[in-house]
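Working through the structure, step by step
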Amino acid sequence: MARVMGSVVSTQKDPSLVGQKLMIIRPIDSDQNEIRFEQVAADKVNAGIGDNVLVVRGSSARRADSENKPDATDVNDCTIVGIIDRFDK
Amino acid sequence: MARVMGSVVSTQKDPSLVGQKLMIIRPIDSDQNEIRFEQVAADKVNAGIGDNVLVVRGSSARRADSENKPDATDVNDCTIVGIIDRFDK
Amino acid sequence: MARVMGSVVSTQKDPSLVGQKLMIIRPIDSDQNEIRFEQVAADKVNAGIGDNVLVVRGSSARRADSENKPDATDVNDCTIVGIIDRFDK
Amino acid sequence: MARVMGSVVSTQKDPSLVGQKLMIIRPIDSDQNEIRFEQVAADKVNAGIGDNVLVVRGSSARRADSENKPDATDVNDCTIVGIIDRFDK
Amino acid sequence: MARVMGSVVSTQKDPSLVGQKLMIIRPIDSDQNEIRFEQVAADKVNAGIGDNVLVVRGSSARRADSENKPDATDVNDCTIVGIIDRFDK
């Protein structure tokens, strides 16, 4: 779980990242507390700033890209894969 | 080891996550102390809120899904794979 | 490096975990200080409670299982792969 | 996100690392605060000291190398894949 | 980046670890401060105690072994891949 804080502009980058929306996210818990430091994630679900989102990391992050480009050259390691509507506790 | 705290409702998400139960879990130690921040895990064993569960992360998390859908597009990176009955120490 | 603290009993779990000894381990340093929180590891070397052990994580953890069952459905992500006799410093 | 702090000189190393620029990086947040400890990353975008950069870790780090050498013997686990021009918040 | 602190003696271990030098390492930053807890790494470059070394983790650690044995049964998850001569800052 994370909240979208903003975005990153990068002109000089790996070809596999061209055309990807790179968002600044901040991990949160289900009480909306910010719990760890910011990181950068590629956005696949058109999340907006302030949205609470589902994030996957590592090799799973490349799976979310596999429809659009050949996996073998994708360097992404963190991806937004869902927008959180609600926490049920 | 983790305890199930609740669940997450997400309508707009990666197709591989549709139909999966997404639970909020909190890592615990064998004395049932909560030891790290919450995260989201896909539930494969019908765990309930308050259950102590076994959790796997990273590429192992996708293995638990492999019976039901093609692995190559699965973006899950954290999965509940067992319910803990008892700690023996 | 970790010390074996106990074991976990789980009846309802992923088929790939059936028959595996699931131990509670606690990371230690070479002065035998406990340095991080407990986690669960599958035991491949018949470690006993109190033993200092070598542990591997992530995709490497599944390698230690590959003789006994098909790797593709193994969900293990932490494995005990050796018993430590001595630290030389 | 990380800032380039310097570089590392290593003569005796794995063959797959020969000819790679190995930079010392320090993770930062979008307010340019240094947030974690330094680590070493292979540079693929000609970053300079003081640049803010995008970094990938784990198996994704090897993807960025795949044009130049056979992936199977590449031991790199952290790679600089972009130079950050600006944070939008 | 890490410093070699000592070595580990283990008789009962996974077959893929037999014959490997297992060193105790401690992560450091470029000012030679020790920054995290010790861990065990397989040594591929004949590092000595006190040397500052380059370390890779996870699936990358198995790449450094691939010349000598079949990758599929290698359980190593942390490998020393270079000796650091100098930090340039």
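Conventions used here
Residues numbered from 1 in each chain as written. Chains lettered and ligands numbered in written order. Predicted model: local features only at pLDDT ≥ 70, side-chain atom pairs only at ≥ 80, totals over all residues. Heavy atoms only, no water. Helix = DSSP H or I, 4+ residues; strand = E, 2+ residues; numbered from the N terminus. Buried < 20%, exposed > 50% of the residue type's maximum accessible area, 1.4 Å probe, protein only. Contact = heavy atoms within 4.5 Å. Areas by Shrake-Rupley, 256 points an atom, 1.4 Å probe, with all protein chains shown as cover. Buried area = accessible area lost by both parts, 1.4 Å probe. Salt bridge = Lys/Arg side-chain N within 4 Å of Asp/Glu carboxyl O. Polar contact = N/O pair within 3.5 Å; in protein donor to acceptor, adjacent residues only side chain to side chain. Nonpolar A, V, L, I, M, F, W, Y, C, P; charged D, E, K, R; others polar. Pairing = 2+ DSSP bridges. Least-squares fit on C-alpha atoms with pLDDT ≥ 70 in both. pLDDT = per-residue confidence, 0-100. Disulfide = S-S within 2.5 Å. Core = buried A, V, L, I, M, F, W, Y, C linked by side-chain atoms within 4.5 Å.

Another aspect to go through is the overall build of chain A. Scanning chain A from terminus to terminus reveals one helix and six strands. If you list the helices and strands of chain A from N to C, you get β-β-β-β-α-β-β. Split into buried and exposed, the 89 residues of chain A put 58% on the buried side. Put simply, 58% of the contacts in chain A that link residues at least 6 apart link residues at least 24 apart. A total accessible area of about 3500 Å² is found for chain A, and carbon and sulfur atoms account for 46% of it.

Counting residues at the interface gives 25 residues for chain A and 27 residues for chain B. Between chain A and chain B the total buried area reaches about 2100 Å² when both faces are included, carbon and sulfur atoms providing 51% of it. Linking chain A to chain B there are zero salt bridges. Seen at the junction of chain A and chain B, the total is 10 residue pairs in polar contact (both at pLDDT 80 or more). Contributions of two or more residues to the side of chain A that touches chain B are made by strand E4 (52-57), helix H1 (59-63), strand E5 (78-83) and strand E6 (86-88) of chain A. Ranked by residues supplied to the side of chain A that touches chain B, first place goes to E4 of chain A with four residues. Grouping the constituent residues of the side of chain A that touches chain B by class yields 11 nonpolar, six polar and eight charged. Note: E6 of chain A against strand E1 (residues 2-9) of chain B, three bridges, orientation antiparallel. Within the sheet, the bridge partner assigned to Arg86 of chain A lies in E1 of chain B and is Val9 of chain B.

Quick look at the relation of the copies chain D and chain A now. Overlay of chain D on chain A (RMSD 0.0 Å): rotation 72 degrees, translation along the axis 0.0 Å. Both copies of the chain, as the preceding transformation shows, are related through a five-fold rotation axis. Taken together, the interface assignments show that only 4% of the residues at the interface of chain D recur at the interface of chain A, consistent with different surfaces on the two copies.

Another aspect to go through is the interface of chain D and chain A. On the chain A side, the residues contacting the 25 residues of chain D number 27 residues. For the pair chain D and chain A, the summed buried surface comes to about 2100 Å²; carbon and sulfur atoms form 51% of the total. Linking chain D to chain A there are 10 residue pairs in polar contact (both at pLDDT 80 or more). Secondary structure elements with two or more residues in the side of chain D that touches chain A: strand E4 (52-57), helix H1 (59-63), strand E5 (78-83) and strand E6 (86-88) of chain D. Among the elements that line the side of chain D that touches chain A, the one with the most residues is E4 of chain D, at four residues. Taken together, the residues of the side of chain D that touches chain A sort by class into 11 nonpolar, six polar and eight charged.

Moving on to the confidence of the model for chain A. Detailed reading of the predicted model is not advised wherever pLDDT is low. Residue and element names in this part refer to chain A. Confidence in the prediction for chain A averages 86 pLDDT; 87% of positions are at 70 or higher. The spread of mean pLDDT over the elements of chain A runs between H1, the lowest at 73, and strand E1 (residues 2-9), the highest at 95. Contacts from residues 68-72, a stretch scored under 50 in pLDDT, to residues over four places away or in other chains number seven contacts. The ipTM, which scores confidence in the relative placement of chains, is 0.83 for this predicted complex, and the corresponding pTM is 0.85.

One pass over the structure, following the stated rule, counts zero disulfides over all chains. As a non-bridged cysteine, Cys78 of chain E has Cys78 of chain C as the owner of its nearest cysteine sulfur, 14 Å distant.

All names here are of chain D. For Arg3, the location among the structural elements is in strand E1 (residues 2-9). With a relative accessible area of 17%, Arg3 lands in the buried category. Sequence spacing of Arg3 and Asp29 is 26 residues, and the spatial spacing of their C-alpha atoms is 9.7 Å. Apart from the residues within four sequence positions on either side, Arg3 is in contact with Ile24, Ile25, Arg26, Ile28, Gln32, Glu34, Gly50, Asp51 and Asn52.

What follows concerns the nonpolar core. Across soluble globular proteins, nonpolar side chains have a tendency to be buried as a group. One finds Val8 of chain A together with Met1, Leu54 and Phe87 of chain D to be the most contacted residues of the largest nonpolar core, which totals 15 residues. Contributions of two or more residues to this core are made by strand E2 (21-27) and strand E3 (39-43) of chain A together with E4 of chain D. With sequence-adjacent residues up to four places away left out, Met1 of chain D is seen in contact with Val8, Ile24, Glu38, Gln39 and Val40 of chain A together with Pro27, Ile28, Asp29, Ser30, Val53, Ile84 and Phe87 of chain D.

Even without glycine at this site, Asn46 of chain A takes up a positive phi of about 55 degrees. Considering the arrangement of structural elements, one finds Asn46 of chain A in the loop between E3 and E4. Despite not being glycine, Gln32 of chain C has its phi angle at roughly 70 degrees, a positive value. Here Gln32 of chain C shows up in the loop between strand E2 (21-27) and strand E3 (39-43).

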